[in-house]
Amino acid sequence: MTNDLQDGWIVNLGQARYLEVLDLQRRLVELRQGNFVPDTLLLVEHEPIITLGRRGSKDNILSHAEELASQGIKIQRVERGGDVTYHGPGQLVVYPIVHLTQRNLSVRGFVDLLEEIIIQVLADFGIQAHRDPQHRGVWVEDLKVAALGVAIRRWVSFHGIALNVSPNMDHFCHIHPCELRSEQVTSMAKLLRETPSMEQVVQKVVGRFVEHFPGRWREISPNEVFEGSRIKREFGRTRTAGVVASR
Amino acid sequence: MTNGTLKISQDHVYVQANDDGAQVGISDFAAEALGTIIYVELPEVGDEVIKGEPFAAVESGKASVELPAPISGKVLKVNEELEDAPDLINQDTYGKGWIAALAIEEVTELDELMSKADYDLFVAGAEEG
């Protein structure tokens, strides 16, 4: 078993709606629990949206719902840990659907790895970042560059970590991101003279992720994942079997 | 009030039967592994929980972990003290850190859980990989 590397899927969703991807995550978690799909890494950019974790307080949303609605920003409560966060174009959101017990990972160990991956990616672009033992996420000096919030359902992870590449920083003014003031948030664009493209950042994240989560990772298309996870439970089994057979 | 035998599931959720029904919570090992619990999402009194399905969630370090019910049954009581002091779980999980009390539906479901001694061996084995 130990020599037998697990299969893994990498899915670059590009730009996709938050609720559609939330629905996809929930379906993949269920399929993963039953071993119908392998560990899956989703990478995505969302439309502007504010989400609240289980204990999230609406007090940390500073703007009125009407004002947000007029700007097309929705509010969504979800099952992840953490308080309030913002997603939007220019931010890379990384959702690892990973079976923790199959990888012998504790919840804390898993969260540490996600932070480590982002710290290494930032280092790849020449940004020195760190973690803060009191506050999860990734920091550059005292500014937050990546926000973290995960959920574990029967030992399968979902939700994840959001790295600010070049989002519209004004949007953070609508919230107190996890009890911080909005000016305590930063982005790669603010930290670098030359902003990398989203594609460059995606490649680095995938590279670092694969180092920390060893496996036979391969990229599959968003369509395959969306359609397959919707249609049938055998989807993963056949897909994975096909991969093995083709070797 | 007499405490019944402590039984623990592979999902690190314990059951302890007493006069109030079966108290459920997370194991000492799980509490230690998660670190300081900062939030507990309690079920509601009257909820019907199903063995293996999430009935509550605990949060630590931005990770929200759903807890699969160790047995099926109706929620009789919830530990509202956890709303203000979720870290009672870290301090005294088998006592003040209980999460909910369930009415036991099938006594035989308890037989499928591990004794504390077996559970300790189970987590020791898991740690060695």
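To start, this report covers the structure provided alongside it. (Residues numbered from 1 in each chain as written. Chains lettered and ligands numbered in written order. Predicted model: local features only at pLDDT ≥ 70, side-chain atom pairs only at ≥ 80, totals over all residues. Heavy atoms only, no water.)

## A word on the packing of aromatic side chains
Residue and element names in this part refer to chain A. Put simply, the test is: Pairing of aromatic rings covers Phe, Tyr and Trp, the last through its six-membered ring, and needs centres within 6.5 Å; plane angles under 30 degrees mean stacked, over 60 mean edge-to-face, and all others mean tilted. A run of DSSP states H or I qualifies as a helix once it reaches four residues; a run of E qualifies as a strand once it reaches two. Both are numbered from the N-terminal end. Each residue is placed in one exposure class: buried if its accessible area under a 1.4 Å probe, protein chains only, is under 20% of its type's maximum, exposed if it is over 50%, and partly exposed if it falls in between.
Applying the stated criterion across every chain yields a total of 6 aromatic pairs over all chains. A centroid spacing of 5.0 Å and a plane angle of 65° characterise the contact between Tyr 86 and Phe 172, whose relative ring orientation is edge-to-face. Taken as a pair, Tyr 86 in strand β5 (residues 84-87) and Phe 172 in the loop between β10 (156-164) and α4 (188-191) lie far apart in primary sequence, 86 residues in all. Aromatic pair Phe 209 and Phe 213: ring centres 4.4 Å apart, planes at 15°, arrangement stacked. Take Phe 209: its relative accessible area is 1%, and that puts it in the buried class. Residue Phe 213 is classed as buried on the basis of its relative accessible area of 1%. The rings of Phe 110, Phe 209, Phe 213 and Trp 217 are connected pair by pair, giving a single aromatic cluster.

## A word on the sheet that holds strand β10 (residues 114-115) of chain B
All names here are of chain B. Selection rule: In this description, strands pair whenever DSSP reports at least two bridges between them.
A sheet is described by the order of its strands in space; here 7 strands give the open sequence β5-β8-β9-β3-β2-β1-β10, paired in antiparallel fashion. Each having just a single partner strand, β5 (48-49) and β10 make up the two edges of the open sheet. Sheet topology places strand β1 (residues 6-8) next to β10; 2 bridges connect them, and they run antiparallel. Looking at the pairing, Lys 7 lines up with Ser 115 of β10.

## Structural notes on empty space enclosed by the protein
All names here are of chain A. Quick reminder of the rule: Grid points spaced at 1 Å and placed over the protein atoms alone form the basis of the search, with a cavity being a set where a 1.4 Å probe fits but cannot get out and a pocket an open set showing protein on both sides within 12 Å along at least five of seven lines. Lining residues have an atom within 4 Å of a point. Grid points are joined across faces, edges and corners, and a volume is the space filled by probe spheres set on the points. Three classes are used, and their members are as follows: Ala, Val, Leu, Ile, Met, Phe, Trp, Tyr, Cys and Pro are nonpolar, Asp, Glu, Lys and Arg are charged, and the others, Gly among them, are polar.
What the rule picks out here adds up to 3 cavities of 30 Å³ or more. Around the largest cavity, the lining comprises 14 residues; the ones closest to its centre are Arg 80, Thr 85, His 87, Gly 149 and Gly 160. Counting residues per element, the lining of the largest cavity draws most heavily on β10, at 4 residues. A class-by-class count of the residues in the lining of the largest cavity yields 8 nonpolar, 5 polar and 1 charged. Taken as a whole, the second largest cavity encloses approximately 60 Å³ of empty space. Lining the second largest cavity are 10 residues; nearest its centre among them are Lys 144, Ala 147, Asn 164, Phe 172 and Val 185. Of all the secondary structure elements, the ones that give two or more residues to the lining of the second largest cavity are β9 (143-153) and β10. If you tally residues by element for the lining of the second largest cavity, the top one is β9, at 4 residues. Broken down by class, the residue content of the lining of the second largest cavity amounts to 7 nonpolar, 2 polar and 1 charged.

## Topic: the interface of chain B and chain A
Selection criterion: Any two residues whose heavy atoms approach within 4.5 Å are treated as being in contact. Two parts placed together each lose some accessible area under a 1.4 Å probe, and the buried area is that loss summed for both. Should a side-chain nitrogen of Lys or Arg be within 4 Å of a carboxyl oxygen of Asp or Glu, the pair is scored as a salt bridge. Pairs of N or O atoms are called polar contacts if they sit within 3.5 Å, as long as, within protein, a hydrogen donor faces a hydrogen acceptor (for residues adjacent in sequence, only side-chain-to-side-chain pairs).
Tallying the contact residues gives 22 residues for chain B and 21 residues for chain A. Summed over the three residues of chain B that lose the most area to chain A, namely Lys62(B), Ser64(B) and Glu66(B), the buried surface amounts to 38% of that side. Connecting chain B to chain A are 5 salt bridges. The partner of Glu41(B) in a salt bridge is Arg54(A), with the nearest N and O atoms 2.7 Å apart. In this assembly, chain B and chain A are joined by 15 residue pairs in polar contact (both at pLDDT 80 or more). Top contributing element to the side of chain B that touches chain A by residue count: strand β7 (residues 63-68) of chain B, with 5 residues. Its residues assigned to classes, the side of chain B that touches chain A shows 9 nonpolar, 6 polar and 7 charged. Here β9(A) runs beside β7(B); their pairing, made up of 3 bridges, is parallel. Across the sheet, the residue bridging to Ile152(A) is Val65(B), located in β7(B).

## Details of the pattern of salt bridges
Under the defined criterion, the tally for this structure stands at 22 salt bridges over all chains. Note that Asp124(A) is salt-bridged to Arg208(A), the shortest N-O span being 2.7 Å. In this pair, Asp124(A) sits in helix α3 (residues 107-124) while Arg208(A) sits in helix α5 (residues 198-212), placing the two residues 84 residues apart along the sequence. Across the pair Lys116(B) and Asp120(B) runs a salt bridge whose closest N-O atoms are separated by 2.8 Å.

## Remarks on a negative patch on the surface
Formally: Each patch is built from residues that are more than 30% exposed by relative accessible area and take part in no salt bridge. Like charges join if they lie within 9 Å; nonpolar side chains (Val, Leu, Ile, Met, Phe, Trp, Tyr) join within 5 Å. In these tables, accessible area is a Shrake-Rupley quantity obtained with a 1.4 Å probe, and a residue counts as shielded only by the protein chains included in the view. By the counting rule applied here, Lys and Arg register as positive and Asp and Glu as negative, while His and the ends of each chain are not counted. For the purpose of locating charges, the reference atoms are NZ of Lys, CZ of Arg, CG of Asp and CD of Glu.
Taken together, the side chains of Glu44(B), Asp47(B), Glu48(B), Glu105(B) and Glu106(B) make up a negatively charged region of the molecular surface. Along the chain, Glu44(B) falls in the loop between β4 (39-41) and β5.

## Focus: the sheet that holds strand β4 (residues 74-77) of chain A
Residue and element names in this part refer to chain A. We count it as follows: Note on geometry: axes are C-alpha line fits, over the in-contact stretch for helices, and angles between N-to-C directions span 0 to 180 degrees.
The strand order across the open sheet formed by 3 strands is β4-β3-β5, and the pairing between neighbours is mixed. Pairing within the sheet leaves two strands with one partner each, and these edge strands are β4 and β5. In this sheet, neighbouring strand axes are inclined to one another by 25° on average, regardless of whether the strands run parallel or antiparallel. Sheet topology note: the strand β3 (residues 49-52)/β4 ladder contains 4 bridges and is parallel. When the sheet's bridge partners are listed, Leu 52 is paired in β4 with Arg 77. The strands touched by helix α1 (residues 18-33) are β3, β4 and β5; relative to β4, the strand with the most contacts, the crossing angle is about 20°.

By themselves, these figures tell us nothing about what the structure is for.
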